[in-house]
Amino acid sequence: MEAKLSFSQDNPPISIISAAKVAGVSLSIDPTLAVGSAPVLCFSSGESLRGVNPILHYIAHTASFSSFCGQDTIEFGHVVEWLEYAPTFLSGSEFEVACSFIDGYLTSRTFLVGHGLTIADIAVWSNLAGIGQRWESVRKSKKYQNLVRWFNSIDAGYKETLNDAVVAYVGKRGIGKSPAPNLKEKVNDSKDPSAPEVDLPGAKFGEVVVRFAPEPSGYLHIGHAKAALLNKYFAERYQGRLIVRFDDTNPSKESNEFVENVLKDIETMGIKYDFVTYTSDYFPKLMEMAESLIKQGKAYVDDTPKEQMRSERMDGVESKCRNNTVGENLSLWKEMINGSERGMQCCVRGKLDMQDPNKSLRDPVYYRCNTDPHHRIGSKYKIYPTYDFACPFVDALEGVTHALRSSEYHDRNAQYYRILQDMGMRRVEIYEFSRLNMVYTLLSKRKLLWFVQNKKVEDWTDPRFPTVQGIVRRGLKVEALIQFILQQGASKNLNLMEWDKLWTINKKIIDPVCARHTAVLKDQRVIFTLTNGPEKSFVRILPRHKKFEGAGKKATTFTNRIWLDYADASAISNGEEVTLMDWGNAIIKEIKMESGIITELIGELHLEGSVKTTKLKITWLPDIDELVPLSLVEFDYLISKKKLEEDDDFLDNLNPCTRKETPAIGDSNMRNLKRGEIIQLERKGYFRCDAPFVRSSKPVVLFAIPDGRQKLDDRATPTWRRRSALGDADGKGAGQQWSEGTTCVEGSQTRA
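Quantities reported herein were computed from a predicted structural model and do not represent experimental measurements.

## Here we look at the packing of aromatic side chains
Each pair of aromatic rings is reported with the distance of its centres and the angle of its planes.
So, step 1. Under the criterion given, the structure shown has 32 aromatic pairs.
So, step 2. Aromatic pair Tyr416 and Tyr417: ring centres 5.8 Å apart, planes at 85°, arrangement edge-to-face.
So, step 3. With 6.0 Å between their ring centres and 40° between their planes, Phe451 and Phe650 make a pair best called tilted. Of the two residues, Phe451 is situated in helix H16 (residues 445–453) and Phe650 in the loop between strand E27 (628–635) and strand E28 (659–666); the sequence distance between them amounts to 199 residues.
So, step 4. Given a relative accessible area of 3%, Phe451 falls into the buried group.

As structure tokens, then:
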């Protein structure tokens, strides 16, 4: 039967396309569905199948060889299980677990099911192939030998058939990744919907090559995320290519740890690239180019001391070495290559124009000596090119058509073009976009490194850091980050962004799906005795989210003694009727106090009462041994000034207390929380589980997630300590009481 496969171009179903080719099932391709749409297989009869697995089942049963869906019904059942498991590889957090599981499974097996190739093999193979660089790194390592053996065997047996699909579609969009918001409208002026799209100058459809070129001297932060996502957008818009290139020209600051984590962050953001390169791959050619420029008189070797050179450049004073002969320059160049004492005193400078008003053109440094070992190539070289020299050279050599750079480099654009001209290489167009700046935030990797080295934070993943891993660990969903970045588009206007906007987007994503739980503050709680409460406790199974079944269920215990937050107890009047959430109404009969402090409430249930008539809606916990110890952690900005000026020293603007911990107790269901799970504590806010339950003596660590509503004046007070049963800011004087249980933790904190 004739069939047409329709899908979103941003999310090509590689497993379906590959399986059809292997099975000999003819499909016509239509990549025109809307972004985010599931693939659809339409037949000439008018019938259709929607979704990856239903289409794979059809292909398996109509294949040119019957064993493609298994030799019998039992094997077919196993095939179905593997088809359901295959997408696990596409989850960044589950990738290693999935690899380890299948590696063990394949110890004594050639195929996933039975003794022959099935569609299960093709589905898993396709998802692995579509992951890109991360899987290729695994293939080259010796980590999962059985999995790699199996993958290579499938690859060798069906190389041409499978590779056709991978080459055609991988790199256009991540397989199995949720589609990013469309930037097509975002790059326009939002006030003028008729405005044309922002175009890359001279761009040709299908020929655009862009590159994202981070230096492996730290983890990616939110500013890098903007650059990476804009490069991704233009590569996809023009159906071009995206190169990830590590600018590894400073061995003193770089490491393999940073390379690995940059690739991890790129994958986290759902960015698919065509290949990864390193500037260090081109060191021999860069040295040849530097020597050629010396021979042409377009560069010279200078031994002027660093501070004097800086002063001369500022004043437009030529170096005494500027007119050295080519022979003298080449002799010193060899000294630099050898790393001799004489060579270590020198650098190579371009001979441009010392009188140019643009000071970046005043004989910039091209090469300098450094004897530190390089993280990839060891101590082979004693000299390294500067970014200014290497970047235009490698851009031109790799076929980059458009180099995206933030506007902070605007003055260096003329230098970039002049260096290309002196090298005799083709022109690469520069496209500028505005640097992303956030309030109360440092984005300098040098300054962020200071916090790590001085143990002011845990590491580069600390939730106080603006790194991708830091803000994700604090509770930001990647979808929110992508929306936030793309809403700004490719504007060239400088802006200082508020974090509240990002957290507001995040709340809209997590609130409809995150589970609800209950907690009270450990050191500020009051027992509430219900005189007509159940003599014997009982349990009800309730939804973890009343409007989202996918959040699952929770067991709630009902007893005649329950715990309330002191803030709520202090807001209640004697004789008042209140609502106990998820239970019903209760009437306060007595408030016991000692020295002005509430010690116990006594009351009785009034379940027939109307919740509409009560002013206070109160969360509570049963007085049982199974309650879970919690540590509620809230973070503040690392610096106390909204925007640091050029003459400000960040060390003079450090926030003295940036991490506050409050002990609490939570409902018994919280012992099942997983690391990374996001929940809402009723009337306290949203939290991400950073350390799950291990034992009763070790608290579950929950990181508070900002919701975008917090005002600057409230930053010193954790959100859950500002809310009463009315949902207002102050709990009727109880705030002073709560602060006794909160601890300010300075410096780094070992992850539980």
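## Side note on the sheet that holds strand E23 (residues 584–594)
So, step 1. Taken in spatial order, the 7 strands of this open sheet run E25-E22-E23-E24-E18-E21-E26, and their pairing is mixed. The sheet is open, and its two borders are formed by strand E25 (617–618) and strand E26 (621–622), each paired with just one other strand.
So, step 2. For strand E22 (residues 577–580) and E23, the ladder comprises 4 bridges, and the chain directions are antiparallel. Bridge assignment links Val578 to a residue of E23, and that residue is Ala586.

## Observations concerning the environment of Phe703
So, step 1. Mapped onto the fold, Phe703 is located in strand E31 (residues 700–705).
So, step 2. For Phe703, a relative accessible area of 1% translates into the label buried.
So, step 3. In this structure Phe703 touches Pro463, Arg473, Arg474, Val633, Phe635, Arg659, Tyr686, Phe687, Arg688 and Asp690, once residues within four positions along its chain are discounted.

## Details of the pairing of E28
So, step 1. Most of E28 sits inside the fold, with 7 of its 8 residues counted as buried.
So, step 2. With 3 bridges joining them, strand E17 (residues 519–521) and E28 adopt antiparallel strand pairing. Along E28, the bridge assignment pairs Leu521 with Ala664.
So, step 3. Bridge analysis of E27 against E28 gives 8 bridges, and the strand direction is antiparallel. Directly across from Ser631, in E28, lies its bridge partner Pro663.

## Let's talk about the environment of Arg139
So, step 1. Within the secondary structure, Arg139 is located in helix H6 (residues 133–140).
So, step 2. Arg139 sits in the partly exposed class, given a relative accessible area of 25%.
So, step 3. Counting along the chain gives 12 residues from Arg139 to Phe151, while the straight-line C-alpha distance between them is 8.8 Å.
So, step 4. Apart from residues no more than four positions distant in its own chain, Arg139 is found in contact with Val148, Phe151, Asn152 and Asp155.

## Regarding the side chain of Ser631
So, step 1. Topologically, Ser631 is positioned in strand E27.
So, step 2. Taking the relative accessible area as the measure of exposure, Ser631 reaches 9% and is therefore buried.
So, step 3. If sequence neighbours within four positions are ignored, Ser631 has contacts with Glu661, Thr662, Pro699, Val700, Val701 and Leu702.

## Observations regarding unusual backbone geometry
So, step 1. Even without being glycine, Tyr440 reaches a positive phi, approximately 55°.
So, step 2. One can find Tyr440 in the loop between strand E14 (436–438) and H16.
So, step 3. Of note, the phi angle at Ser595 is positive, near 55°, even though the residue is not glycine.

## Overview of the nonpolar core
So, step 1. Ranked by size, the top nonpolar core spans 56 residues in total, and within it Ile222, Phe484 and Trp499 carry the most contacts.
So, step 2. At 9 residues, helix H9 (residues 222–237) tops the list of elements feeding residues into this core.
So, step 3. Those residues in contact with Phe484 that sit more than four places away from it in its chain are Ile222, Leu436, Met438, Met497, Glu498, Lys501, Leu502 and Ile505.
So, step 4. Grouped together as the second largest cluster of nonpolar side chains are 55 residues, Ala19, Ala23, Leu117 and Ile122 included.

## Some points on helix H10 (residues 256–268)
So, step 1. With 13 residues, H10 should reach 18 Å at 1.5 Å per residue; the first-to-last C-alpha distance of 18 Å fits that figure.
So, step 2. Looking at H10, one finds that the buried residues are Phe258, Val259, Asn261, Val262, Leu263, Asp265, Ile266 and Glu267.
So, step 3. Looking at the buried side of H10, the elements it contacts are helix H5 (119–131), H6, strand E5 (209–212), strand E6 (241–246), strand E7 (275–278) and helix H17 (468–474).
So, step 4. Trailing H10 by a residue or two, Gly270 shows a phi angle of about 75°, which is positive.

## Re the packing of helix H3 (residues 73–85) against H5
So, step 1. Relative to each other, H3 and H5 sit at 10°, their axes nearing to 9 Å. Judged by the angle between their axes, H3 and H5 are roughly parallel. Seen from H3, the contacting residues are Val79, Trp82 and Leu83; seen from H5, they are Ile119, Ala120, Ala123 and Val124.
So, step 2. Each residue belonging to the contact of H3 with H5 can be placed in one class, and the counts come to 7 nonpolar, no polar and no charged.

## Side note on the pattern of salt bridges
So, step 1. Enumeration according to the criterion identifies 33 salt bridges in this entry.
So, step 2. Linking Asp623 and Arg561 is a salt bridge whose minimum nitrogen-to-oxygen distance equals 3.2 Å. Taken together, the residues Asp623 in the loop between E26 and E27 and Arg561 in strand E21 (residues 561–565) connect sequence positions 62 residues apart.
So, step 3. Accessibility expressed as a relative area gives 30% for Asp623, which makes it partly exposed.
So, step 4. Among the charged side chains, a salt-bridge network with shared partners connects Arg211, Arg245, Asp395 and Glu398.

So, how was this worked out
- Within each chain, residues carry numbers counting from 1 in the order of the written sequence.
- Only residues with pLDDT of 70 or above have their local features reported here, since the model is predicted, and side-chain atom pairs are shown and tallied only from 80 upward, although totals for entire chains, interfaces and linings are computed over all residues.
- In computing side-chain values, all of the structure's heavy atoms are included and hydrogens and water are not.
- In this analysis, rings of Phe, Tyr and Trp, with Trp reduced to its six-membered ring, are considered paired at centre separations within 6.5 Å, and the interplanar angle assigns stacked below 30 degrees, edge-to-face beyond 60, and tilted for intermediate values.
- Per the convention used, a helix needs a DSSP run of H or I reaching at least four residues, while a strand needs a run of E reaching at least two, with both numbered from the N terminus.
- The buried label goes to any residue with under 20% of its type's maximum accessible area, the exposed label to any with over 50%, and the partly exposed label to all in between, with areas taken from a 1.4 Å probe on protein chains only.
- We treat two strands as partners when DSSP finds at least two bridges between them.
- Residues are treated as being in contact if the distance between any of their heavy atoms lies within 4.5 Å.
- Here the nonpolar core consists of buried residues drawn from Ala, Val, Leu, Ile, Met, Phe, Trp, Tyr and Cys, with membership extended through side-chain atoms lying within 4.5 Å.
- Helix span, as expected, comes to 1.5 Å for every residue beyond the first.
- All axes are obtained by fitting lines to C-alpha atoms, using only the stretch in contact for helices, and the reported angles, taken between N-to-C directions, cover 0 to 180 degrees.
- Orientation categories follow fixed angle ranges, with anything under 35 degrees roughly parallel, anything over 145 roughly antiparallel, 65 to 115 roughly perpendicular, and all other angles oblique.
- Ten residues, namely Ala, Val, Leu, Ile, Met, Phe, Trp, Tyr, Cys and Pro, are considered nonpolar, four, namely Asp, Glu, Lys and Arg, are considered charged, and the remaining ones, Gly among them, are considered polar.
- Only one rule defines a salt bridge in this text: a Lys or Arg side-chain nitrogen within 4 Å of an Asp or Glu carboxyl oxygen.

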